[in-house]
Structures are given as structure tokens and as C-alpha cells.
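Structural overview for review
Okay, here's what each chain looks like letter by letter:
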Amino acid sequence: MAGENERGRREKWQRLGVQWLKMYFQLNHFIYNVEDWPIIRDDQCPQQSNRVDCGMFVLKYGEHLINGTNMDFQQNDIPRFRGEYAVKVIRKAKESENRIKKIQEECETYKQQIDLGVARQVFDEIPNPDRPIFAWNVLMNEHAKAGDPDRCLSLFKDMLEHGIRGNPHTFSCVLKCLASSGSVSEGASLHGYLVKSGFVAYIAVGNALIAFYSKRRRIDSALCLFEGMLERDVVSWNSIMSGCISNNLAEKAIGLLVKMRLSGIDADAMTVMCVSPACARTGFLCFGRAVHGYSIKSRFVEEANVGNSLIDMYGKCGDSDSAGRVFQCMHRRTAVSWTSMISTYTRDGRFDEAVDLFKRMEEEGVQPDAFAVSSILRACTLGGLLEHGRDVHDRIIRIGLESDRFVANALIDMYAKCGSVTDARVVFDRIASTTNDVVTWNTMIGGYSKNSLPNEALSLFGEMMRLQVKPNCVTIACVLPACASLSSLERGREVHSHALRIGCYSDKYVMNALMDMYAKSGALHHACALFDRMEAKDLISWTVIIAGYSMHGHGGQALMTFRAMRANAIEPNAASFLAILRACSHSGLIKEGQKFFAAMLEECKIEPETDHYSCMVDLLSRAGRLTEAYRFIESMAVKPNSSVCTLLLRGCQAHQDVKLAEKVAERIFELEPENVEHYMLLANIYAEAERWNATKKFIERLNQRKGSSKGCSWIEIRGKAQVFIDGDDKAHPESKKIRSLLESLGLKMAEDGWLMKRRHGFVKEEQESCGHSERSAIALGILNSRQRATVRVAKNTRVCGECHKFAKFVSKSHQREIVLRDSERFHRFVDGRCCCRR
DNA sequence: ATAGGGTTAG
């Protein structure tokens, strides 16, 4: 008697528990798929009974909401609710929008009330011995699907503690969770257990193990397991192929597909989805076409996901037209289809088409998700489409996606790269408090660096450290340019030490940025040391080091390095040619410069840009070959800008060719009427030729336009940058000491015969326009450092002739090495001489 | 009744 009672109770619990769980999940499914009602017609998926059940449940629930009918769930309802009737009720429900709204509102409340916790409660109410394994599995699976692998795993542990051993379903699910959380060794020990208990013989378990090892980057173990399988089905092949692809063995994946066909296993739609990324990765377009053809023949293309992966494949193989054709022919397009197509156009530089596509997507009623908006934002970023970007931002706010971290990062990046750092910062501030995503910080810091706001970049980096957000290699690569543009050796060293701590020495972006920073901070030898140690030097590494030599006036070294680069079979690009041409112009290597300039177009098929022309003009002008330089400008394929002409004008000044100077100046004034430097330059030229009337005229024009002079110099004293504004020698707290030092230096210069010849009473004007802030910086450096220590100063404009002479003098009189970085290059003063030959 | 494989982004 008691046994029967016991059995009855068990059955009741089992029924009840199962029913509850079922109801929970189906309701859940319903809530999240209200939009999908018509899809749940069972005549569309006759072989999938669970979807039918679900559809049935939805119907009952819909009826209950609309008509208040009884919600009782009876087994024999199932057949009656299939097919036509289902369609009818759905139509009825769709007829009245108000009612639908009501349903949706109710769903909202249910969404809050019913969650996995409730399911767990129901589950807990079932006494342990009565819990069917099925209930465990379902609950574990739901946790896994909800993206909570840890809960799933802890349930698994509970299960083991209760003495329940699990079945193949259990292990597939657990392995899936272990792939995303937990350690390799846990998975491996489970593997051991599965071998001992014989569960590995189940194909699904073997397949789950393959997926586990692949995701845990143990592709060798996965392959070994795969090879040893007694029985393989199409899922096994698909799993191992996608494992290979995600572990950079795309070629092997293609080989495996061939093997699979040879062993007589038919590909399914998933195979197409697995193997298309392999074609994309290898650029194996014709194989991709074959796969496409196969999927047309087997009608897999009709599945939206297959189409999506084909779009992606064509896009990544560089055939965006074919991608467009696949997109055009699709029966049903999901948000993924639109997103893939948008990214394809973006990759191809067809930004406007990407934007149109996004608009069409919305017109056709496809709600964009986080992926879709991220990819359209990327199109705006690369295309510099700030206004479209703002429109998208509005949409994002309305959809409620702004807090998604991927979306927010893309927004920050878009604003920063389109030149609106303030907008970027607004988005950053909105999310920075809720997330400590490194990418967010990196994007913002990089945005500041790219918009020439190095101080902001550095202070944000400091803030990040203070909040103990862990930086990664990208962070380092984003801050270093800020240090470089400030010539801030100390900050650069600090960041370098972070890089060492994190372990970025194999990251080539970081290495290149470090070398660049050291070169631009005047410590070329550090840059060279890193360069020599670097194993995989790429084009950027070589270019950085060539530019470094060039900046420091080591023309010969630059030439040697350029040759070494080509000997290492690395083809120069426009930037490396610019570096080598600058090296030639800084070191006065005319013949070499002309040779490189010619080689650029003839050998390497690179069209010279304005900067390349500038180097040539500079080279010729400095050498006094002024007519040649003028003819060169005339022959330029691109429109010469004012800075090209200014270089020639400087040449005219140095070689006292007033006539040509007038001709050139005419052109410059047209191009840049606001820049006072040009007027001053011409006035100086007249003064030197003793043409006083003309001089006066230009000084007047100069004074009329004199407005914002923005020159400044800075120096680092004990880790802090001290800034001196041109023409303002009173602002600094130590200005008194500085002035008296400068005065005594001035006297000594005069005594030693170093003072400049007063050039026809005109030097004063030049003094005013320069502002000489670099002198104050040098003086402060001398006052605040130990004897014979190098003084490193940076200036954001070109150093004037007087200050240059001043620095030469100080380097001799105080026996100090002075490194002065101006807007053009580095000047290294040692014992009264400078490396720039000026 | 429950499972194993895929696509879109920084």
C-alpha cells in the first residue's frame, strides 16, 4: 500500500514539476517572440514537435487574454490546435491592435515576474529523489541559453552531490558551459570521466568535446578526438571544421570538407555556414562560389542564415557585388543580413551605399540591433559622415541601445574620428561610470591622441589607472602617441614601464608606438635599441626608425636603413618615402632625394602627395637652386599649398633673391591671407635687401593682421610639463630667476662676440613674432637640473634664427647638450654646434 | 520532453 502511495506521489510531483517547467519556458518563449506569431505555424515546421507545442501554448494564452477562456492545458488539445485553426486564431489576435498592445503590456509584467528564479523555485519544490534527470537538464540548459554558464555548472555540481550521474544531454550542456567558463583542466577531467563511463561513445558527447577543445584553443586535442571517433555524423564534421577556422587553420577546414564529401557524408545547411568563413579567411573565392552553387542546388540558400554567411564570405573575399546579389535574392532578410551587407559595403569603402542600406532596413520595418547600429556607425566613422552619425545616434537613443557597450564604444569612436571629441566625451561620461570596459577607455584615449589633444589623453589615462581599470596593449598603443607629440620622455618612460608589466613586447603596434615615442622624445638610441631587438619588423617599424633618423638629421643612417628595408623585401609606401625624402632634405642630400622621388612613381607606382613635393622644394631651395625649385612647383600634379611655397620663400630669403620672393609671396598671400608669418618673412627679405619702403609696407600689413599668435614651448621638470607662451615672460612662478639668467646670458653672448649682427634695425620685429618662449624654457631647464644634464625642450612652431643661435651659445658656455624639438625636426646642440647645419 | 555545429561589431 505504502509503495503505491509513494509511487503516486512521485508521479504527481513529476507531472506537476515538468508541467510547471514547461509552462515557464513556453511562456518565456512567447513573451520574447510576440512578433513572431505567424512563424509558429506548425505547417511550416511539421517535424519539430516542440515548436508545435509552443505554438499551441501561445494560442491558448492568446485566447485566454482576449476572450478570457480557460487556460487548462490538456494533452489532447494538441492535434486540434494544429494547422489551419492556428492561423485563424493568430489572425483574430492580430486584428485588434489595442488587444495586442494589451497582450504586450501583460507580457511586460510577466517578463518581470517570471524569471529563471521562479523556475528554480518550482524545481526546488520537487523533492530530490523525485526530480527527473530531465528536469535538471532543462534547468541547466535554460541557464546556459540565458548566458549564465556558472549557474549551470553549479547546478551540475549539485546534481553530482545528490548522487545523480547525468546522461548524454547533461554532458553536452555542461561541456558547452565549460567552454565559455571554467578551466581547461575541468573539461579535461570531465573528458576522463566520460571515457571511463563510456559516455564518449555518444556522438553528441564527442561533438560537444570537440567544440569544447576548439573553443579552449586546444585544436590539437579536438583533432585527435575527432580522428579517434568510431562514428561521425555531419555535426562532428561541422564542429571540427569550425574549430579549425577559429584556430587559424582555415585551409585545413577546406581540406576537411573535401574529405567529408569523399567519405560519403552529405553537407547540410550548417556545413555551408561553417565553411564559408574558411573561404573568407583564405580568400578562396572560387571555392566559396562552389559552396554557393552547392547551396543553391540543395536549396540551403533559402535559409536566411546561409544567405547571411554567403554575404559575409563574398564581402570578405572582396566581391561586394556578388554579396549584393545574394542579398537581393534572399527570401527572408533578418537584421543579420542587413548588417552583413552594411559591413560589406563599409569594407569596400562604399559608405554612402551603407548608409542608404541602413535607411532601407528601417523602412522595411527591420528593427536594428546592437550589431546593425555598430556597423553603420563604423561606416560613418570611416567615411567621415558626422551628420549621418548623429542621425544614427538619435535612432540609437530611441531604440534604447545607447547603454550597450559595443554601441557606445562605436559611438565614441565615430565622434572622435569625425573630429567631434566633445560629443565623444559626452557619450563616454554617460557610460564610463557603469562600465569598466577597457575598450571604452582605449577608444576615448585614442580619440584624444588622434585629435592632437595629448594632455587630455594622458590625464584620462591617469584617471583610468586611478580607477584601477586594467590597461591592455591597445591602451598602451593609444597613449604613446600622446607622449610622443608632447616629446614627453618621462611620461613615455612611465607608459613603457606599464607596457613591460602587461607584457606587450610581442605586440607590434606597441613596439612601433614605443619606437616612435622615443624618436620623437629625442631619445633616438632607445628607439634603435628596440628596433634591433624586434623580431617581426613590419613596414611601420622601418618607417618609424627612418623617420627617427631623419628628424635627428642622420641622413646617412636613414639611407642605409631604407636600403636595408628593401633588402628585407619590404615595399615602401607613401609614408616611408616621405620619411626618406625628409631625411634627404634635412641633410642636404640633393641627388639622393631626386633619385628617391623618381623611384617612388616609376618603381613603386606611388603618386607623390603635397608633402613629398614639399621635401623636394625644400631640398632645392636650401641649396640655392631657386629657379629649379620654382619650376618644380609649377610642374606639380597636385595643387601646391602655402607651405610648399613658404619653403621656397625661405630659400629666397637665405639666398637673397628678392625678385623671385615677390613672385612666390604673391601666390602665398592668395592661398593663406591670414597667416602673419608670410608677411613677416617677406618684410625680412626686403629689409635685408635694404628696400625700406617695401619693408614698411609689409610691416603695416603685418600689424593689421596681427592677431592670435599661438606659439609656445615646454619642458618637463620632475615629470611635470612647464609651458611658456610666446611673448609672455612673466607668467611663470620662477620668471624672475629666468629673466635674470637670460639677461646675464645676453651680456655674455655680446662679450664673446656671439650676438647677432643687428640686421638693419629690423631684428626687433622678428623677435616679436617669435616670442622666444624656448629661451625661457631652456633657462628653466638649466636652473632645475644637475650640471651637464641634457636639457630637452619642445616648441610647436619653427625655432627662429636668434633662438637657434642662443641655444648654440648655451650649449657651449654651459657645456650642456640641448635637444630642441620644433615643428620641423630635432635640433641637437653640442658645444656650440647644431646637427641641422644651420 | 532535454543536447552537439554557424553568421553580424570594437
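Residues numbered from 1 in each chain as written. Chains lettered and ligands numbered in written order. Predicted model: local features only at pLDDT ≥ 70, side-chain atom pairs only at ≥ 80, totals over all residues. Heavy atoms only, no water.

Below, the discussion takes up the overall build of chain A. From N to C terminus, chain A includes 44 helices and six strands. The buried share of chain A, reckoned over its 838 residues, is 50%. Counting contacts in chain A only where the partners sit at least 6 residues apart, residues at least 24 apart contribute 63% of the total. In the structure as shown, chain A presents an accessible area of about 41,900 Å², 51% of it carried by carbon and sulfur atoms. (Helix = DSSP H or I, 4+ residues; strand = E, 2+ residues; numbered from the N terminus. Buried < 20%, exposed > 50% of the residue type's maximum accessible area, 1.4 Å probe, protein only. Contact = heavy atoms within 4.5 Å. Areas by Shrake-Rupley, 256 points an atom, 1.4 Å probe, with all protein chains shown as cover.)

What follows covers the protein's contact with DNA strand B. Looking at DNA strand B, there are 41 residues lining it, with Asn-207, Asn-238, Asn-305, Arg-378 and Phe-406 nearest. Taking the atoms of DNA strand B that fall within 4 Å of the protein, sugar and phosphate contribute 34% of them. Side-chain polar atom of Asn-305 to a base nitrogen of DNA strand B: 2.5 Å apart, as the coordinates give it. Interatomic distance of 3.5 Å between a side-chain N/O atom of Asp-437 and a base nitrogen of DNA strand B. (Near = heavy atom within 4 Å. Polar contact = N/O pair within 3.5 Å; in protein donor to acceptor, adjacent residues only side chain to side chain.)

Moving on to the sheet that holds strand 3 (residues 791-795). If you trace the six strands from one edge of the open sheet to the other, you get 2-1-3-4-5-6, paired in mixed fashion. Two strands bound the open sheet, and with one partner strand each, they are strand 2 (720-725) and strand 6 (833-834). Bridge count for strand 5 (residues 826-830) against strand 6 is two bridges, and the pairing is antiparallel. Across the sheet, residue Phe-829 finds its bridge partner in strand 6, namely Cys-834. (Pairing = 2+ DSSP bridges.)

In the contact formed by helix 8 (residues 149-161) and helix 9 (residues 168-180), the axes pass within 9 Å of each other and the chain directions differ by 135°. Our classification of the angle between helix 8 and helix 9 gives oblique. As helix 8 runs across helix 9, the sense of the crossing is left-handed. Taking contact as the criterion, the partners of Pro-149, Cys-152, Leu-153, Phe-156 and Met-159 in helix 8 are, on helix 9, Thr-170, Phe-171, Cys-173, Val-174, Cys-177, Leu-178 and Ser-180. Its residues assigned to classes, the contact of helix 8 with helix 9 comprises 10 nonpolar, two polar and no charged. (Axes fitted to C-alpha atoms, helices over the stretch in contact; angles between N-to-C directions. Parallel < 35°, antiparallel > 145°, perpendicular 65-115°, else oblique. Left-handed = near helix turned anticlockwise from the far one by under 90°. Nonpolar A, V, L, I, M, F, W, Y, C, P; charged D, E, K, R; others polar.)

For the rest of this paragraph, the subject is the environment of Gly-492. When you line up the elements, Gly-492 lands in helix 28 (residues 489-502). As a C-alpha pair, Gly-492 and Ile-778 span 286 residues in sequence and 21 Å in three-dimensional space. Sequence-distant contacts of Gly-492, defined by excluding residues within four places in its chain, comprise Leu-480, Cys-483 and Met-517.

Bridge analysis of strand 4 (residues 818-821) against strand 5 gives four bridges, and the strand direction is antiparallel. In the sheet register, Leu-820 faces strand 5, and the bridge partner there is His-827. The hairpin turn running from strand 4 into strand 5, its antiparallel successor, is four residues long. Connecting strand 5 to the antiparallel partner strand 6 that follows it, the hairpin turn spans two residues, and Asp-831 within it adopts a positive phi of roughly 50°.

Two faces belong to every sheet, and in a regular strand the side chains alternate between them. Both faces of strand 4 are covered, namely the face carrying Ile-818 and Leu-820 and the face carrying Val-819 and Arg-821. Where strand 3 meets strand 4, four bridges bridge the pair, whose relative direction is parallel. Considered in strand 4, the bridge of Arg-792 is made with Val-819.

Let's shift gears to the side chain of Ser-621. With respect to the helices and strands, Ser-621 occurs in helix 35 (residues 610-622). Judged by relative accessible area, Ser-621 falls into the buried class, the value being 1%.

Attention shifts here to the side chain of Glu-716. Along the polypeptide, Glu-716 turns up in strand 1 (residues 712-717). The side chain of Glu-716 is buried and forms no salt bridge, while Arg-491, the nearest opposite charge, is found at 5.8 Å. At a separation of 3.3 Å, a polar atom in the side chain of Glu-716 contacts the main-chain amide nitrogen of Leu-489. When neighbours within four sequence positions are excluded, Glu-716 is seen to be in contact with Ser-487, Ser-488, Leu-489, Glu-490, Arg-491 and Ala-721. (Lys, Arg positive; Asp, Glu negative; His and termini not counted. Salt bridge = Lys/Arg side-chain N within 4 Å of Asp/Glu carboxyl O.)

Next up on the list: the packing of aromatic side chains. Applying the stated rule across the entire model yields 16 aromatic pairs. Aromatic side chains Phe-226 and Trp-237 sit 5.0 Å apart centroid to centroid with 80° between the ring planes, which places their arrangement in the edge-to-face category. A residue pair is termed long-range when its members are at least 10 positions apart, and Phe-226 in helix 12 (residues 219-228) and Trp-237 in helix 13 (residues 234-246) qualify at 11 residues. Trp-237 shares its class with Phe-226; the two are buried. (Phe/Tyr/Trp six-rings, centres within 6.5 Å; stacked < 30°, edge-to-face > 60°.)

One can find Thr-434 in the loop between helix 24 (421-432) and helix 25 (438-450). Spatially, the C-alpha atoms of Thr-434 and Cys-329 are 43 Å apart, while their sequence positions differ by 105 residues.

This paragraph deals with the nonpolar core. If you look at the biggest cluster of nonpolar residues, it comprises 205 residues, and the most contacted ones within it are Leu-648, Leu-649 and Leu-682. Looking at this core element by element, the count peaks at nine residues for helix 27 (residues 473-486). Apart from the residues lying within four places of it in its own chain, the contact partners of Leu-648 are Val-617, Ser-621, Leu-626, Ala-629, Tyr-630, Ile-633, Leu-660 and Val-664. Formed by 27 residues, the second largest nonpolar core is a distinct cluster that contains Ile-778, Ile-782, Val-791 and Cys-836. (Core = buried A, V, L, I, M, F, W, Y, C linked by side-chain atoms within 4.5 Å.)

The next thing to look at is unusual backbone geometry. Phi is positive for Arg-217, close to 60°, though the residue is something other than glycine. With respect to the helices, strands and loops of the structure, Arg-217 is situated in the loop between helix 11 (203-215) and helix 12. We classify Arg-217 as exposed; its relative accessible area is 51%.

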